[in-house]
Amino acid sequence: MNRQGSGFILWLTGMSGAGKSTLSRALRSRLEPLRPVEVMDGDEVRTWLTRGLGFSREDREENVRRIGHVARLLARHGVGVIVAAISPYQSSRAEVRQLAADAGLAFVEVYIEAPLEALIARDVKGLYKKALAGELPHFTGVSDPYEAPEAPEVTVRSSSEPLEAGLERVLAALQTRGLLAPRAA
Ligand SMILES: Nc1ncnc2c1ncn2[C@@H]1O[C@H](COP(=O)(O)OS(=O)(=O)O)[C@@H](OP(=O)(O)O)[C@H]1O
Ligand SMILES: Nc1ncnc2c1ncn2[C@@H]1O[C@H](COP(=O)(O)OP(=O)(O)O)[C@@H](O)[C@H]1O
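Definitions and cut-offs
Residues numbered from 1 in each chain as written. Chains lettered and ligands numbered in written order. Predicted model: local features only at pLDDT ≥ 70, side-chain atom pairs only at ≥ 80, totals over all residues. Heavy atoms only, no water. pLDDT = per-residue confidence, 0-100. UniProt positions renumbered as here; feature names shortened; annotations may be inferred. Helix = DSSP H or I, 4+ residues; strand = E, 2+ residues; numbered from the N terminus. Near = heavy atom within 4 Å. Polar contact = N/O pair within 3.5 Å; in protein donor to acceptor, adjacent residues only side chain to side chain. Areas by Shrake-Rupley, 256 points an atom, 1.4 Å probe, with all protein chains shown as cover. Nonpolar A, V, L, I, M, F, W, Y, C, P; charged D, E, K, R; others polar. Core = buried A, V, L, I, M, F, W, Y, C linked by side-chain atoms within 4.5 Å. Buried < 20%, exposed > 50% of the residue type's maximum accessible area, 1.4 Å probe, protein only. Contact = heavy atoms within 4.5 Å. Pairing = 2+ DSSP bridges. Axes fitted to C-alpha atoms, helices over the stretch in contact; angles between N-to-C directions.

Visitor: Help me understand the confidence of the model for the chain in this model?
Guide: Any region with low pLDDT has predicted coordinates that should not be read closely. Per-residue confidence for the chain averages 94 on the pLDDT scale, and 95% of its residues sit at or above 70. What the predictor reports for the complex is a pTM of 0.96 with an ipTM of 0.97.

Visitor: Which parts of the structure should I look at to understand the UniProt feature "active site" (unreviewed entry) in the chain?
Guide: Within the UniProt annotation, "active site" (unreviewed entry) is assigned to Ser87. By the element assignment, Ser87 lies in the loop between strand S3 (80–84) and helix H4 (90–102).

Visitor: Explain the site of ligand 1 to me, please; I cannot follow it from the model alone.
Guide: Neighbouring residues of ligand 1: 19 residues in total, closest Ser16, Arg46, Asn63, Ser87 and His138. Lys20 places a polar side-chain atom, nitrogen or oxygen, 2.9 Å from an oxygen atom of ligand 1. Take Arg60: an N or O atom from its side chain is 2.8 Å from an oxygen atom of ligand 1. Expressed as a share of its isolated accessible area of 630 Å², the protein-covered part of ligand 1 is 91%. Classifying every residue of the shell around ligand 1 gives 7 nonpolar, 7 polar and 5 charged.

Visitor: Honestly, the site of ligand 2 in this entry has me stumped. Any pointers?
Guide: Around ligand 2, the structure places 14 residues, and the nearest of them are Gly17, Gly19, Lys20, Ser21 and Thr22. At a separation of 2.4 Å, an oxygen atom of ligand 2 approaches a polar side-chain atom of Thr22. In isolation ligand 2 offers 570 Å² of accessible surface; the protein chains occlude 72% of this area. It is helix H1 (residues 20–31) that provides the largest number of residues to the shell around ligand 2, a total of 3 residues. Of the residues contributing to the shell around ligand 2, the split by class is 5 nonpolar, 6 polar and 3 charged.

Visitor: Would you explain the nonpolar core in this entry?
Guide: One recurring pattern in soluble globular proteins is that nonpolar side chains are buried together. Core analysis: the biggest nonpolar cluster contains 32 residues, and Leu10, Leu23, Leu27, Val110 and Leu174 have the highest contact counts within it. Counting residues per element, the ones that place at least two in this core are strand S1 (8–13), H1, strand S2 (37–41), strand S4 (106–113), helix H6 (127–132), strand S5 (154–157) and helix H7 (163–176). Per element, the largest residue contribution to this core is 5 residues, and it comes from H7. Setting aside chain neighbours within four positions, we find Leu10 in contact with Leu27, Val81, Ile82, Val83, Val108, Val110, Val170 and Leu174. Counting 16 residues, the second largest nonpolar core, distinct from the first, contains Val45, Ile67, Val79 and Val81.

Visitor: Help me understand the sheet that holds S3, please; the structure alone is not making it clear to me.
Guide: Each strand in a sheet pairs with its neighbour through backbone hydrogen bonds, running either in the same direction (parallel) or in the opposite one (antiparallel). Read from one edge to the other, the open sheet built from 5 strands follows the order S2-S3-S1-S4-S5, with strand pairing classed as parallel. Looking at strand neighbours, the two that pair on one side only are S2 and S5, the edges of this open sheet. Within the sheet, the average angular offset between the axes of one strand and its neighbour, ignoring direction, is 20°. Across the sheet, helix H3 (residues 57–76) is in contact with S1, S2 and S3; its angle to S1 comes to roughly 150°.

Visitor: How do you make sense of unusual backbone geometry when you look at a structure like this?
Guide: The general pattern is negative phi for most residues beyond glycine and trans for most peptide bonds. Its identity is not glycine, yet Ser87 carries a phi of approximately 40°, on the positive side. In the Ramachandran plot, Asp123 falls in the positive-phi region, its phi being about 30° despite a non-glycine side chain. Along the polypeptide, Asp123 turns up in the loop between helix H5 (116–122) and H6.

Visitor: Can you walk me through the pairing of S5 in this structure?
Guide: Within a regular strand, the side chains alternate between the two sheet faces. Residues of S5 alternate between two faces, with Val154 and Val156 buried on one and Thr155 and Arg157 left unburied on the opposite face. With 4 bridges connecting them, S4 and S5 associate as parallel partners. Paired with Val110 across the bridge in S5 is Val154.

Visitor: Teacher, can you tell me more about the UniProt feature "binding site: ATP" (unreviewed entry) in the chain here?
Guide: With numbering matched to this structure, UniProt assigns "binding site: ATP" (unreviewed entry) to Gly14, Met15, Ser16, Gly17, Ala18, Gly19, Lys20 and Ser21. Along the chain, Ala18 turns up in the loop between S1 and H1. Positionally, Gly19 belongs in the loop between S1 and H1. In this structure, Gly19 is in contact with Ile112 and Arg122, ignoring residues within four places of it in sequence.

Spelled out as structure tokens, the structure:
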């Protein structure tokens, strides 16, 4: 346990449009009154921390590694860090989980699952249309792999359950681990 007792990394993984940003915003609203919280969203992180990285395997691994490093720094000081990144490779997610474990920090992996057909139908950003037309190489789920987690702490099925249901399960997972209490003074 770290000195301040309650820093953690809540890692949301899933394909584009699965609902990572939506769930992270909902989680932030619920957690903020209780404790310090930061959201690290792939889209935003790529504008700052990992600007210049692309979507090759090597670049995605580097992206995830840097996010994991900063998340650990924050969590070590008692912040509840919510990461929302596709993070498609099992080995990368295992690496950041290990980083957290080495620092004595809780790591809670949340898999946001939705069938590809549902994501194509949603297509919030119009990226699937482009990818299916062959205009976006290395697009996760279409022309690039997504390795689903085998044993995530929580699975959220965003195409078949309301946001609130998944949200409550994630909060319950934090509660069970004693991570919802306000940070000790
Ligand atoms: N080729 C390709 N594949 C997947 N996603 C793409 C791609 N090109 C751009 N985008 C946009 O980048 C966002 C994903 O960035 P991440 O940092 O989360 O990706 S990763 O974890 O490094 O795999 C992702 O955001 P989300 O839709 O919020 O997941 C997309 O908007
Ligand atoms: N549990 C849910 N039930 C129904 N629709 C959802 C759910 N979660 C997310 N969505 C919808 O799916 C889309 C997901 O977008 P977003 O959160 O930006 O995904 P991501 O960050 O994974 O790319 C949004 O339009 C959102 O309203």
